[in-house]
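# Results of the structural survey
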Amino acid sequence: MKKFFAQCYIWILMILLYAPLIFIAVFSFTESKVLGNWTGFSTRLYENLFTGRMQGSASLISAVENTLLIALVSAAVSMILGTIAAIGIHNMTGRGKRALLFLNNIPMINPDVITGVSLFLLFIFLHFSQGYLSVILSHISFGTPYVVLSVMPKLRQMNPNVYEAALDLGATPSQALRKVLIPQLRPGMVSGFILAFTMSLDDFAVTFFTRGTIGLETLSTYIYADARKGGLTPELRPLMTLIFLIILVLLLVINIRQAKMQKSE
Amino acid sequence: MAGEEHIIDLKHVSKSFGGKVVLDDINLYIRKGEFVTLLGPSGCGKTTTLRLIAGFLAPDEGEILLDGRDISGIPPYKRPFNTVFQRYALFPHLDVFENIAFGLKLQKVPADEIEQRVRKVLKMVSMTDYEERDVDSLSGGQQQRVAIARALVNQPKILLLDEPLAALDLKLRKDMQIELKEMHRELGITFIYVTHDQEEALTLSDTIVVMDEGRIQQIGTPAEVYNEPVNAFVADFIGESNILNGTMIRDRRVSFIGHEFDCVDEGFGENKPVDVVVRPEDIYFTQKEEKTQFTATVKSCTFKGVHYEMYVDSDTGYELMIQNYDAYPVDSVVRLYIDPDDIQVMHKERTCNTFEGVMKDETHVEMLGGTFECLPQPDLRAGDKVAVEVDFDKVDLLDHQEEGELAGEVHFLLYKGDHYHLTILTEDGDHLWVDTDDIWDKGDQVGVNFAPQDLKISKRHEA
C-alpha cells in the first residue's frame, strides 16, 4: 500500500511537470488556430514550418537563426574562457582559490532578471551600442561559469605531473596544452559547451534587456512578442516540440557521457 | 665507470616556498655517468632538488650548471634530461607506442626511425608487444616500465627518477632495482635518483647524498655512508644502529656505556663529549675472558630470516641491539666485544640548547615565542638581549600542549641506550633538544616548560 502511494506520488509529479510539454506536442499535430481545439490529426503545421507557408515566417526563421548563432558563438567562447579560467583556478591554492570558485557560482545562482538589468545598465554606462554583440557578450558571461564547473573535476582527476611530463619530453608550454592537457580535459569542455549552449537557447530575461532597439529577435523574445499580439502562431507548437526533443537528446548525451566517465574511473 | 668530469654542479642553491626554507645552501656536483641517489625522509628537499635540476622550479639563490654552463634560464623542454615521475604521469589518452613516441614526434624524427627506436626501448624494458595497449589497462609495474621507456627513448644526458618504485610492491621493487642498475650500466648515462628508502639507495647508487631539513648531511659511497656516518641523523637513517653518548678520552680511546674502548678516531681533543655509533652486526659474542670487553643479559631474541636480532642490557644498564647468525637464549649472560674499527665516533652537533632571548624584567625572559620565569638576574635590565642555555635533560615535556608555555611536536627521536634524545619542533618553527627517559612517539604533540633555576642566562654581545 505504502509503495502504491509512493508510486502515485511520483507519477502525479511527473504528469504535472510534463503535462504542458505533452500538451503542446499533442496539439502540434492538429491544424486548429486556437490552442486546445482538436480538429483532427494533421502534420500541416510541421509542413508549414519547414516550407515557410505561414504568417510572419520570415521573422520566425530569422529568430531561430539568431538564437542558434548566439548560442553557438557564446557557448564556444565560454568554453575557451571557462577552460582557461578552470586551469588557472586549479593551480591556485588556499583562500584565493575558494574565493574565485565562490565568485564563479554567483552568476549561476543570480536571478536572470537581475543579471539582465545589470548588464543593460553596464552597456548604457559604457555607451556600448546594444545588439548582437551585447547579447553574445552577456550570454558568454553567464555561460562561462558552467564550463568552469564542468572542467574543474577533470583537472582534479588528472595526474598533476602530466603537464610537467610533457614539458620534460620537449613540448613547449603551448604544445603541452594542445597535445596533453586539452585531450584530457575535452570531455569536461564538451559537457560545459553543451550546458552553456542550452542556457543560451533558453534565455529570455538577459536577451530581452541587452538586445537594444535594433529589432533583434531570438526565439524567446519572438514568442513573447507574438503571444502579446494575440495568441500564438500555431506553427510555434511544432517548433517547440522539436526544440524540446533536441534538448532532450542533448541532456541524454550529457548524462550518458557522465555515466561513462564515472565507469572508466 | 664514473668519470671525473662534472655533468651537474649545484652551487649555493636555496629555495623557499611561502617563507619556509626547503633547500638551504645546497652544494653538490654529479659526475658524468654516475648513479647518484638523493636520500632522505619526506620533506627533506630531495624532490625539490630534482625538480630544480629538471627545470620545473627555479632556485631562489645560487646556480645550476650543466657541463659548466649555467642553465637557470633554460626551460625544462630545452634541457637534455628526462624524468621518470613517481606516479608515472603517462598520457592516458595515448597508447603505449604513442606515449613513448611523444618526445620523438616533437623533435620531428622520421616515422621509420621513431618506430625503430620505440621498439628497441620497449625491448629493453621487456614490454615488446604492448605497443597498442591502452596505458590505463597496464599494471603499476608495466606503467613504470613504459614511463622509463618514454624517458630513455629520447637519449637524455641525464635520467631523473623521482621515487619511481615507491608505488610498487616489495618483490617487484627488488626486480626493478636490478633492472635499473642493469640499464644504468648498459647506457652509461647519468642517473639521478630520489628515494626515501635507504636500502634502495644502498643497492643502486655509486654515490648517496643524504639530506635532511633542506641540507645535505653527507655525501659518499654507500659503504662510506653506512660505515662512517657523519652524524647521528645519518647513522639512524641508514641501516640499524646503536647511537650512544660517549666521551673521547684521548686519541684512539673512547668511553661509552660505562666502559672504555680502543677506537681508530683521532683529533677530537681530550675528554670531549661525542656521539658513538656501533652497528648491531659489529658487536661480537665471545667465550674467552681475555677478549671480553663487557657482559650483558639477553632481553629478547627474534629470528629475522638470515640473522637473529637481540636486545641486550649491558652490565652498566644500557640497552644495545645486536645482530648475529647465532641465537643466544633470553636471560643468559653473554660476553661481548667490539673491534676498534667498528666504532664510529662523531662530533656532537650540540651539547645543550641555546636560545636567543630578551629580558622582560628581572625575573622573566622572552624567547621561542613565549615568556619564561627565571631566577633574578640583578645584572640585567629589561630589554637586554641574552643567550639562554638549557641542558637537554632540563626540558620538561608535558602531555598536553596547553599545559606548557610552548607547544610543539616530537620531530625526530633517537634511542641512546639508556634514554631518548628527542628533537622538538615548536609551533614557531624553532628546534629544541631533549633527553628523557619517557617514551614518546614521532608526531606526538607536547607542551614544553622550563624550571626557573634551569635557565642559564648570559648577556649576548652584538657581533
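Quick caveat: nothing in here was measured; it's all calculated off a predicted structure. (Residues numbered from 1 in each chain as written. Chains lettered and ligands numbered in written order. Predicted model: local features only at pLDDT ≥ 70, side-chain atom pairs only at ≥ 80, totals over all residues.)

## Describing the overall build of chain A
When you go through chain A residue by residue, the secondary structure sums to 11 helices and zero strands. Walking chain A from its N terminus toward its C terminus, one meets helices and strands in the order α-α-α-α-α-α-α-α-α-α-α. Across its three principal directions, the C-alpha atoms of chain A cover 70 × 65 × 35 Å. Each of the 265 residues in chain A was classed as buried or not, and the buried ones make up 31%. Here the analysis covers contacts within chain A between residues at least 6 apart in sequence; of these, 78% occur between residues at least 24 apart. (Helix = DSSP H or I, 4+ residues; strand = E, 2+ residues; numbered from the N terminus. Buried ≥ 20, exposed ≤ 12 C-beta atoms within 10 Å, placed from the backbone. Contact = placed C-beta atoms within 7 Å.)

## Some words on the overall build of chain B
Counting its regular elements, chain B contains eight helices and 30 strands. Overall, the C-alpha framework of chain B stretches about 85 × 65 × 40 Å when taken along its three principal axes. Among the 463 residues that make up chain B, the fraction classed as buried is 36%. Considering only residue pairs separated by 6 or more positions, chain B has 64% of its internal contacts joining residues 24 or more positions apart.

## Let's talk about unusual backbone geometry
Residues and elements named next belong to chain B. Look at S126: it is not a glycine, yet its phi comes out positive at around 55°. Positive phi outside glycine occurs at I257, with the angle close to 40°. According to the C-beta neighbour criterion, I257 is buried, with 25 such atoms within 10 Å.

## Some details on the sheet that holds strand β5 (residues 69-70) of chain B
Residue and element names in this part refer to chain B. An order of β2-β1-β4-β5 is seen for the four strands of this open sheet, with the pairing classed as antiparallel. For this open sheet the edge positions go to β2 (20-31) and β5, each flanked by a neighbour on one side alone. One ladder, built from eight bridges, connects strand β1 (residues 6-17) with β2; its direction is antiparallel. Paired with I8 across the strands is I30, a residue of β2. (Pairing = 2+ DSSP bridges.)

## Here's the deal with the domain arrangement of chain B
Residues and elements named next belong to chain B. Each assigned domain of chain B is listed with its residue range as follows: domain 1 (3-232), domain 2 (240-347) and domain 3 (353-459). Inter-centroid distance (C-alpha atoms) of domain 1 to domain 2 is 39 Å. In this complex, domain 1 contributes five residues to the contact, which on the side of domain 2 involves five residues. Classifying every residue of the side of domain 1 that touches domain 2 by side-chain character gives three nonpolar, one polar and one charged. (Domains from an automatic or database assignment. Nonpolar A, V, L, I, M, F, W, Y, C, P; charged D, E, K, R; others polar.)

## Details of the environment of V121(B)
Residue and element names in this part refer to chain B. Tracing the backbone through its elements, the reader meets V121 in helix α3 (residues 111-124). C-beta crowding within 10 Å serves as the criterion here: with 21 such atoms nearby, V121 is assigned to the buried category. Remark: the alpha-carbon pair of V121 and T351, spanning 230 residues in sequence, is separated by 55 Å. When sequence neighbours within four positions are dropped, the list of residues in contact with V121 reads I100, A149, L152 and V153.

## Structural notes on the sheet that holds strand β20 (residues 344-347) of chain B
Residues and elements named next belong to chain B. With antiparallel pairing, five strands are arranged side by side in an open sheet as β13-β12-β11-β14-β20. Edge positions in the sheet fall to β13 (259-262) and β20, since each of these pairs with one other strand and no more. Taken over all neighbouring pairs, the strand axes of this sheet differ in orientation by 40° on average, direction set aside. Of the strand pairs in this sheet, strand β14 (residues 272-278) and β20 are connected by four bridges, and their pairing is antiparallel. Within β20, the position partnered with V274 by the bridge is H347. (Axes fitted to C-alpha atoms, helices over the stretch in contact; angles between N-to-C directions.)

## Thoughts on the interface of chain A and chain B
Taken together, the contacts link 15 residues of chain A with 18 residues of chain B. Elements that contribute at least two residues to the side of chain A that touches chain B include exactly α7 (162-168) and α8 (173-202) of chain A. Considering only residue class, the side of chain A that touches chain B consists of seven nonpolar, six polar and two charged.

## A short note on the packing of helix α6 (residues 132-157) of chain A against α8(A)
All names here are of chain A. Axis separation between α6 and α8 bottoms out at 8 Å; the angle between their running directions is 150°. Relative to α8, the element α6 lies roughly antiparallel. Of the two possible hands of crossing, α6 and α8 adopt the one that is right-handed. Between α6 and α8, the contacting residues are H139, F142, G143, Y146, V147, S150, V151, P153, K154 and L155 on the first element and Q184, L185, P187, G188, M189, S191, G192, F193, L195, A196, M199 and S200 on the second. In terms of residue class, the contact of α6 with α8 is built from 13 nonpolar, eight polar and one charged. (Parallel < 35°, antiparallel > 145°, perpendicular 65-115°, else oblique. Left-handed = near helix turned anticlockwise from the far one by under 90°.)

## Concerning the confidence of the model for chain B
For chain B, mean pLDDT is 90; residues scoring 70 or higher make up 99% of the total. With a pTM of 0.78, the predicted complex shows an ipTM of 0.76. (pLDDT = per-residue confidence, 0-100.)

## So, the environment of L72(A)
Residue and element names in this part refer to chain A. Within the secondary structure layout, L72 lies in helix α3 (residues 57-90). Judged by local crowding, L72 falls into the partly exposed class, with 15 C-beta atoms found within 10 Å. Here the alpha-carbon distance between L72 and T198, two residues 126 residues apart in the chain, equals 9.6 Å.

## Overview of α6(A)
Over its 26 residues, α6(A) runs 38 Å from end to end, which matches the ideal 38 Å to within 8%, given 1.5 Å per residue. Taken as a whole, α6(A) carries its principal kink of about 30° at F142(A); the proline P145(A) stands between one and four residues after it. (Expected span 1.5 Å × (residues − 1). Bend = angle between axes of the 7 residues up to and from the residue.)

## Quick notes on the packing of helix α4 (residues 94-109) of chain A against α6(A)
Residues and elements named next belong to chain A. Across the interface, α4 lies against α6 with an axial gap of 9 Å and an inter-helix angle of 125°. Taken together, the axes of α4 and α6 lie oblique to each other. In terms of crossing hand, the pair formed by α4 and α6 is left-handed. Of α6, the residues touching α4 (which contributes N104, N105, P107 and M108) are S141, F142, P145, Y146 and V148. Class assignment for the residues of the contact of α4 with α6 results in six nonpolar, three polar and no charged.

## Description of helix α1 (residues 46-54) of chain B
Counting buried positions over the nine residues of α1(B) gives seven, a clear majority of the element. Listing the buried residues of α1(B) in full gives K46(B), T48(B), T49(B), L50(B), L52(B), I53(B) and A54(B).

## Overview of the environment of T436(B)
All names here are of chain B. Relative to the helices and strands, T436 resides in strand β28 (residues 431-436). On the neighbour-count criterion, T436 (16 C-beta atoms within 10 Å) is partly exposed. C-alpha of T436 to C-alpha of D399: the two residues are 37 residues apart in sequence and 13 Å apart in space. Residue contacts for T436: discarding those within four places in its chain leaves L397, H419, Y420 and L422.

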